[in-house]
Amino acid sequence: MIARPEAPFDRWRRSGGWLGVVVLVGMIAVALVGPLALPDPASQPDIVAGAQPPSLAHPFGTDVLSRDVLSRVVSGARISLAIAALAVTLSLVLGATFGLVAGYWGGWVDTVLMRLVDGALAIPRLFLLLLLVTVWDRLTIVPFVLVIGATGWFGTSRLVRAEVLRIKSEPFVQAAQALGAKPARIVRRHLLPNTAGPLLVAATLGVGNVILLEAGLSFLGVGGVRPPTPSWGRMIFEGKSVLATAPWTSIFPGVAIVVTVLAVNLIGEALRDHLDPKNA
Amino acid sequence: MTTLLDVRRLTVNFFSEAGTVTPVDDVSFQLAKGETLALVGESGCGKSLTALSILQLLPRAASIGPGSTIELDGQDLVPLDEAALRAVRGARIAMIFQDPMTSLDPVYTAGSQITEAIRAHRNVGKRQARERALELLEEVGIPDPLSRFDQYPHELSGGMRQRVMIAIALSCEPQVLIADEPTTALDVTVQAQILEILDRLRRSHDMAVLLITHDLGIVAGRADRVAVMYAGRIVETAPTDRLFQHPAHPYTQALLASVPRLTGPLQRLTPIQGTVPNPDAWPAGCRFHPRCPYAFDRCQQQPPVRAVADGHETACWLESPQ
């Protein structure tokens, strides 16, 4: 018997995926339960005390307004993860719809939709968002999520379209047509489920992207999150002025961002390996 | 016998920037109730396109030419709109395809795909459809249908998958079953089983079967009649026994001479000289004439279809009185 030797990195990649799952699930659990267990970060301003370094009472220290950084990181997890989850869901729905329609109907529909996507992809997303936020200065969290979601689906739609073009020529699609299936049924029952794999990978990687994007925008002070609500990017932005004297106010939310995005990307990579037929 | 499916003067055109090609050109055949007609020809002769045009599932660039009629029970299918065609597909004319490996959707179980087919055309509940699906699995000779029901296509062998495809095709009791190379992708032993099942089901369901194949060997003993196709045209139609004993068209004769025989004197196999031309380079007149050992001047013109015996027709100048 000849056993296929396992490449030395295979196991690392797989366990990386599981590590990602553990970290992300932990982060979600903390985001859900944490704010209930910890003191309300907004309710104890003690300006006299100022920013205090990490101690037993405040493991992550306190910020300039004497708010517990740990509590704020935990509340921030809720905000940052919620923004990412909602925005990515919206992107997926839009991307999948456009990709399915363009790929299945083809012809001029495909041409029009894909040229629109090409045009949209040519505009840098960050500048588009900055422009929107500047024009719309009272941007609250819900429109912020909508805007991020609505600008994040272009790549997904191309991915889905490419998958649909591949699956459309599979004999089982013709077999379904030969059974009298309506186009809507073929799209919903046969094309969409068969694109689920790449969509899942795009979604996980998209979550990491949106967390970074939100952090970046918040750091520039233009995120949809308004004080005193904490988001990780917002916290780094607020800690910027005291970076030299109280670095912990920025470092801990920064670490939270890095750990979460890393976890999500590890999951994405592992899923990609697992779902890619060439690696099966 | 009453004619169930009547295809007359069927042409299929492909349009492209390079021009129009006609890979199916003036094809006519009839299929009676309960009958098996084999449509035989080499790859590229247009037999699969003929099958797809019956259900109007042609590729986007192709269309059925004017003057073609495809009558099912006296109703012409060619002018029907998509909605009306969907009511025909699967319900009245079902089709099974060559490759059972890819003709089933990998994300659904065998059972759910049969159930879906039943519910697509019939207003029955989930439980009823499930029971019917199990019956069908039993009918196509799948042992232990209950456990196969919940298996995914990748867990089934090629023969099992083709049986599932047949069960799906049968689910709405179609009048006509089109089997496009149903056994080409299967092992020889499994081929025989699948053909056996098709034959049995044709009898028990009183279906008409259009068996499309490149393999004359599977035609003998299973088809009532054979239509031989070459370069987009039907060159000869005859009852199966008659075709094997008295092939009239030189192409049919050449085909038979190129197939090894197990009985009779040992003979050298005679391959057909040359290759099948592409649809954009079909010769004028009889399309076989550049490869035909008997070709003479008249073969530059298209020979008419003539009856040489009862139910036996061919398009060849050799069979025509001068």
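About the thresholds
Residues numbered from 1 in each chain as written. Chains lettered and ligands numbered in written order. Predicted model: local features only at pLDDT ≥ 70, side-chain atom pairs only at ≥ 80, totals over all residues. Helix = DSSP H or I, 4+ residues; strand = E, 2+ residues; numbered from the N terminus. Contact = placed C-beta atoms within 7 Å. Pairing = 2+ DSSP bridges. Axes fitted to C-alpha atoms, helices over the stretch in contact; angles between N-to-C directions. Parallel < 35°, antiparallel > 145°, perpendicular 65-115°, else oblique. Left-handed = near helix turned anticlockwise from the far one by under 90°. Nonpolar A, V, L, I, M, F, W, Y, C, P; charged D, E, K, R; others polar. Buried ≥ 20, exposed ≤ 12 C-beta atoms within 10 Å, placed from the backbone. Core = buried A, V, L, I, M, F, W, Y, C linked by C-beta atoms within 7 Å.

**Student:** Go over the environment of Leu10(B), please, and point to the residues and values.
**Tutor:** All names here are of chain B. Mapped onto the elements of the fold, Leu 10 is located in strand 1 (residues 3-16). Residues Leu 10 and Gln 300, 290 residues apart in the sequence, show an inter-C-alpha distance of 22 Å. Beyond its immediate stretch of four places on either side in the chain, Leu 10 contacts Val 24, Val 27, Ser 28, Thr 50, Ser 53, Ile 64, Ser 68 and Ile 70.

**Student:** So what about the interface of chain A and chain B? Which residues, and what values?
**Tutor:** The partner chain B presents 19 residues to the 14 residues of chain A that form the contact. Listing elements by their share of the side of chain A that touches chain B, those giving two or more residues are helix 7 (171-178) and helix 8 (183-194) of chain A. The dominant element in the side of chain A that touches chain B, judged by the number of residues it contributes, is helix 7 of chain A, at 6 residues.

**Student:** Explain the sheet that holds strand 12 (residues 306-309) of chain B to me, and be specific about the residues and the numbers.
**Tutor:** Residue and element names in this part refer to chain B. One open sheet holds the 8 strands; their spatial order is 7-8-9-3-10-11-13-12, and the pairing between them is mixed. The outermost strands of the open sheet, each flanked by one partner alone, are strand 7 (93-96) and strand 12. Between one strand axis and the next, the sheet turns through 20° on average, direction left out of account. Alignment of strand 11 (residues 233-239) against strand 13 (residues 312-314), held across 2 bridges, turns out to be antiparallel. Paired with Thr 237 across the strands is Glu 313, a residue of strand 13.

**Student:** Now, about the packing of helix 9 (residues 196-219) of chain A against helix 11 (residues 248-275) of chain A: what can you tell me, with residues and values included?
**Tutor:** Residue and element names in this part refer to chain A. Close contact between helix 9 and helix 11 brings their axes to 9 Å; oriented N to C, the two are set at 165°. Relative to helix 11, helix 9 is oriented roughly antiparallel. Remark: the crossing between helix 9 and helix 11 carries left-handed chirality. Together, Gly 197, Leu 200, Val 201, Thr 204, Leu 205, Val 207, Gly 208, Ile 211, Leu 212 and Ala 215 of helix 9 and Ile 257, Thr 260, Val 261, Val 264, Asn 265, Ile 267, Gly 268, Leu 271, Arg 272 and Leu 275 of helix 11 make up the contact between the two elements. Of the residues in the contact of helix 9 with helix 11, the class split is 13 nonpolar, 6 polar and 1 charged.

**Student:** Could you give an account of helix 10 (residues 232-239) of chain A, with specific residues and numbers?
**Tutor:** All names here are of chain A. Of all the 8 residues making up helix 10, 8 are buried; the element is thus mostly covered by neighbouring parts of the structure. Those residues of helix 10 that sit buried are Trp 232, Gly 233, Arg 234, Met 235, Ile 236, Phe 237, Glu 238 and Gly 239. At its buried positions, helix 10 is contacted by helix 2 (69-105), helix 9 and helix 11.

**Student:** With reference to specific residues and values, describe the pairing of strand 8 (residues 176-180) of chain B.
**Tutor:** Residues and elements named next belong to chain B. The element strand 8 is largely enclosed, with a buried count of 5 among its 5 residues. Neither face of strand 8 is exposed, since Val 176, Ile 178 and Asp 180 on one face and Leu 177 and Ala 179 on the opposite face are all buried. Relative to strand 8, strand 7 is paired through 4 bridges, and the arrangement is parallel. For Ala 94, the partnering residue across the bridge sits in strand 8 and is Leu 177.

**Student:** Could you give an account of the nonpolar core, with specific residues and numbers?
**Tutor:** One finds Val176(B) and Leu210(B) to be the most contacted residues of the largest nonpolar core, which totals 150 residues. Among the elements that line this core, the one with the most residues is helix 2 of chain A, at 14 residues. Each residue touching Leu210(B), except ones within four places of it in the same chain, is listed here: Leu31(B), Leu37(B), Leu39(B), Ala51(B), Val176(B) and Ile178(B). Residues Phe98(A), Ala102(A), Trp153(A) and Phe154(A) belong to the second largest nonpolar core, which totals 5 residues.

**Student:** Summarise helix 5 (residues 141-150) of chain A; cite the residues concerned and give the values.
**Tutor:** Listed as buried for helix 5 of chain A are Phe144(A), Val145(A), Val147(A), Ile148(A) and Gly149(A). Buried residues along helix 5 of chain A sit in contact with helix 2, helix 4 (125-135) and helix 9 of chain A.

**Student:** Provide a residue-level description of the environment of Gly159(B), including the pertinent values.
**Tutor:** With respect to the element layout, Gly159(B) can be found in helix 6 (residues 158-170). Put simply, Gly159(B) and Leu186(B) are 27 residues apart on the chain and 6.7 Å apart in space, counted from C-alpha to C-alpha.

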